[in-house]
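Observations on chain architecture
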Amino acid sequence: MNLFGLTTLMSALSEVADNLEAGRYEGYEGYAFLAPILRLVDSFMLPLIIVILAAGTIYAVILGVNMARADSSEARDAAKKRLINVIVGFAIIIVLLVVIYALAANIEAVLGLTEVAVTE
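Residues numbered from 1 in each chain as written. Predicted model: local features only at pLDDT ≥ 70, side-chain atom pairs only at ≥ 80, totals over all residues. Heavy atoms only, no water.

The secondary structure content of the protein amounts to four helices and zero strands. Counting from the amino terminus, the protein carries its helices and strands in the arrangement α-α-α-α. For the protein, with 120 residues in total, the buried portion stands at 21%. When contacts within the protein are restricted to residue pairs at least 6 apart in sequence, long-range pairs at least 24 apart make up 57% of them. (Helix = DSSP H or I, 4+ residues; strand = E, 2+ residues; numbered from the N terminus. Buried < 20%, exposed > 50% of the residue type's maximum accessible area, 1.4 Å probe, protein only. Contact = heavy atoms within 4.5 Å.)

Let us now look at the nonpolar core. Within the largest apolar cluster, five residues are counted, these being M45, I49, I52, I94 and L97. Those elements that place two or more of their residues in this core are α2 (34-68) and α3 (73-105). The greatest single-element share of this core, amounting to three residues, is contributed by α2. When near neighbours in sequence (up to four residues on either side) are disregarded, I94 contacts I49, I52 and L53. (Core = buried A, V, L, I, M, F, W, Y, C linked by side-chain atoms within 4.5 Å.)

A word on α3. For an α-helix, 3.6 residues make a turn, and residues three or four places apart therefore share a direction. Relative to the 48 Å expected for 33 residues at 1.5 Å per residue, α3 spans 48 Å between its end C-alpha atoms, a close match to the ideal helical length. Among the residues making up α3, those that are buried are A79, L83, V86, I94, L97 and A104. (Expected span 1.5 Å × (residues − 1).)

Before going further, it helps to examine the confidence of the model for the protein. On average, residues of the protein carry a pLDDT of 75, and 62% of them reach 70 or more. Mean pLDDT across the secondary structure elements of the protein bottoms out at helix α1 (residues 6-22), with 58, and peaks at α3, with 88. (pLDDT = per-residue confidence, 0-100.)

Moving on to a nonpolar patch on the surface. Together, I84, V88, I92 and L96 make up an exposed nonpolar region whose accessible area comes to about 360 Å². Topologically, I92 is positioned in helix α3. For I92, a relative accessible area of 48% corresponds to the partly exposed category. (Patch = residues over 30% accessible without salt bridge, like charges linked within 9 Å, V, L, I, M, F, W, Y side chains within 5 Å. Areas by Shrake-Rupley, 256 points an atom, 1.4 Å probe, with all protein chains shown as cover. Salt bridge = Lys/Arg side-chain N within 4 Å of Asp/Glu carboxyl O.)

The subject of this paragraph is the environment of V98. Relative to the helices and strands, V98 is located in helix α3. Given a relative accessible area of 42%, V98 falls into the partly exposed group. For V98 and L46, which are 52 residues apart along the polypeptide, the C-alpha to C-alpha distance reads 9.0 Å.

Structure representation (structure tokens):
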């Protein structure tokens, strides 16, 4: 796997194309279009979370250093606000990604709750 995961993405897309041609998505009755999306979410969500956590940590450290190097109390307060906003923002992003990952893992149960109403 290279830095951007392009080989993994290409292999996943070719697998999805092969499975679509062969009609191997019987478990998703009526929702066969979701199977490739769920496979991509499942294979790329964990690396995406790791990259976002690393980027957030590095940016928070940079903002912390800027806050420590601030000359006046006004500049320190502004840097503190930016640091708090960044931490809250990255926490919200991580929580939302984990929720998406959990929903993608349990999509069959979620979709099983919705049934087509039959009128007679």
